[in-house]
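Notes for the structure review
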Amino acid sequence: MNLNQTKPQSDGNPPSTLQPCKHIMWLSLTHCSLNPGRVDHLYTFFVQWTPEKYTEAIKKHCQARHFRKKPKNRFFADKNVINSLFSNLNDNLKAANNWEFITVKQTKQHINLCNLEDFEEEEQEVEDDLPVLSDQSLLLDDHHLKTLVAHLPQRTQGYKWNLVYSTAIHGSSLKTLYRNMAGLDSPVLLVIKDMHKKVFGAFSSDPFRISKYCYGTGETFLFTFSPDFQQYKWSGENSYFVSGDLGSLQIGGGGGGFALWLDADLYHGASFSCPTFKNATLSTHEDFIVQDAEVWTVQN
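A brief report on the enclosed structure follows.

**Considerations on the overall build of the protein chain**
When helices and strands are counted, the protein chain shows eight helices and 14 strands. In the protein chain, which comprises 300 residues, the share counted as buried stands at 41%. Contacts in the protein chain between residues far apart in sequence, at least 24 positions, make up 60% of those at least 6 positions apart. Split by element, the accessible area of the protein chain, about 17,500 Å² in all, is 51% carbon and sulfur.

Below, the structure is given as structure tokens:
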């Protein structure tokens, strides 16, 4: 049997046939579980749940409730479920104001919204792992960027990366590289790709400049993707971090060769193992030709 709680016609007299309210509440009951006393309890439950739908006049005439045979293929509740419902009815009525009916459509919308929020959070987490670049890099993809960010000093985290120098934009000139960094006071990241497509470079705690003496701090390190990422930190053996003149730029030293050396045209380069970083050769071969180079500042 199905209980259909309905609304009387507007003439004020109990109708012979009740018209359904806008929101119809259905409860499937078996013959053995249905009796007038329980119907009264259920009606009281609905009245307290949605009092705004039952005015005093409606309540007066709503004592007449209609039953009709359960349509075919309708789901009906087990007797034990019905008994449990009515045994806990008083407790449920006390908390009725905190409950609400939602449709299957609303439930699906809520689930879809939650899934969308989870997806957006995951997407945001991925985006947060990548730095914001002032220009598109010709040498670094998302994998390179994500890996490098994880190994940069804490003081550089969260800052926008600004492209200071690029051979593709500014031409191959060490003098231009120095000029573009004049007045900077922030760490820089040098990225090189050789003719064998190998990407490597160095993080310098200080911007590149012409100097008679070595400069930099222990934050300076070397890196290479071959294709797995390798980082070479300061060994502590010496402080030959960075030095440069108009003829060349040198990073690391002390053992007869530089960890990374570039000529004035930023065309020829070399990489050797050195005591400063105890590194392996960064490039494909010790002597290499530069295909492209970029320098990024990683702090305001």
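**Remarks on the packing of aromatic side chains**
Per the stated rule, a full pass over the model turns up seven aromatic pairs. Relative to F288, the ring of F200 has its centre 5.1 Å away and its plane inclined at 85 degrees; by these criteria the two rings are edge-to-face. Of this pair, F200 sits in strand β6 (residues 199–204) while F288 sits in strand β14 (residues 287–297); the two residues are 88 residues apart in sequence, bridging distant segments of the chain. For the ring pair F223 and F229, a centre distance of 6.4 Å and an interplane angle of 20 degrees mean the geometry is stacked. We note that F223, like F229, is buried. Connected via pairs of aromatic rings, a cluster forms that spans F223, F225 and F229. Across the ring face of Y215, the terminal group of R209 is positioned such that the distance to the ring centre comes to 4.0 Å.

**Quick word on the side chain of T297**
Along the chain, T297 falls in strand β14. Leave out the neighbours within four places in its chain, and T297 touches K160, W161, N162, V164, L184, S186, P187 and V188.

**A few points about the pairing of strand β9 (residues 229–232)**
Looking at chain direction, strand β8 (residues 221–225) and β9 are connected through four bridges and run antiparallel. Counterpart to L222 in the pairing with β9 is Y232. Counted between consecutive antiparallel strands, the loop separating β8 from β9 contains three residues.

**Quick notes on a nonpolar patch on the surface**
Together, M195, Y267 and I289 line one region of the surface with nonpolar side chains, adding up to about 270 Å² of accessible area. Summarising the element assignment, I289 is placed in strand β14.

**Comments concerning the pattern of salt bridges**
Per the stated rule, a full pass over the model turns up two salt bridges. A salt bridge links R155 to E219; its shortest N-O distance comes to 2.7 Å. Here R155, found in the loop between α6 (142–151) and β4 (162–166), pairs with E219, found in the loop between β7 (211–215) and β8; they are 64 residues apart in sequence, far enough to count as distant. Here R155 falls in the partly exposed class, since its relative accessible area comes to 35%. The salt bridge involving K278 is made with E237; its shortest N-O contact spans 2.8 Å. With K278 in the loop between β13 (268–270) and β14 and E237 in the loop between β9 and β10 (242–244), the pair connects residues that are 41 residues apart, well separated along the chain.

**With respect to the nonpolar core**
Counting residues in each nonpolar core, the largest one holds 30 residues, and the members touching the most others are L177, I192, F208 and I251. Listed by contribution, the elements that provide at least two residues to this core are β4, α8 (174–180), β5 (188–194), β6, β11 (248–251), β12 (260–263) and β14. Among the elements that line this core, the one with the most residues is β14, at four residues. In contact with I251, other than residues within four places in its own chain, are L190, A202, F208, L222, Y240, F241, V242, F258, A259, L260 and F277. Of all hydrophobic cores here, the second largest spans 18 residues; its members include L140, V199, F221 and F225.

**Some points on unusual backbone geometry**
Of note, the phi angle at L266 is positive, near 50 degrees, even though the residue is not glycine. One can find L266 in the loop between β12 and β13. A relative accessible area of 3% places L266 in the buried class. Backbone geometry places K278, a non-glycine residue, at a positive phi of 50 degrees. Using a relative accessible area of 53% as the deciding quantity, one classes K278 as exposed.

So, how was this worked out
- Residues numbered from 1 in each chain as written.
- Predicted model: local features only at pLDDT ≥ 70, side-chain atom pairs only at ≥ 80, totals over all residues.
- Heavy atoms only, no water.
- Helix = DSSP H or I, 4+ residues; strand = E, 2+ residues; numbered from the N terminus.
- Buried < 20%, exposed > 50% of the residue type's maximum accessible area, 1.4 Å probe, protein only.
- Contact = heavy atoms within 4.5 Å.
- Areas by Shrake-Rupley, 256 points an atom, 1.4 Å probe, with all protein chains shown as cover.
- Phe/Tyr/Trp six-rings, centres within 6.5 Å; stacked < 30°, edge-to-face > 60°.
- Lys NZ or Arg CZ within 6 Å of the ring centre and 35° of its normal.
- Pairing = 2+ DSSP bridges.
- Patch = residues over 30% accessible without salt bridge, like charges linked within 9 Å, V, L, I, M, F, W, Y side chains within 5 Å.
- Salt bridge = Lys/Arg side-chain N within 4 Å of Asp/Glu carboxyl O.
- Core = buried A, V, L, I, M, F, W, Y, C linked by side-chain atoms within 4.5 Å.

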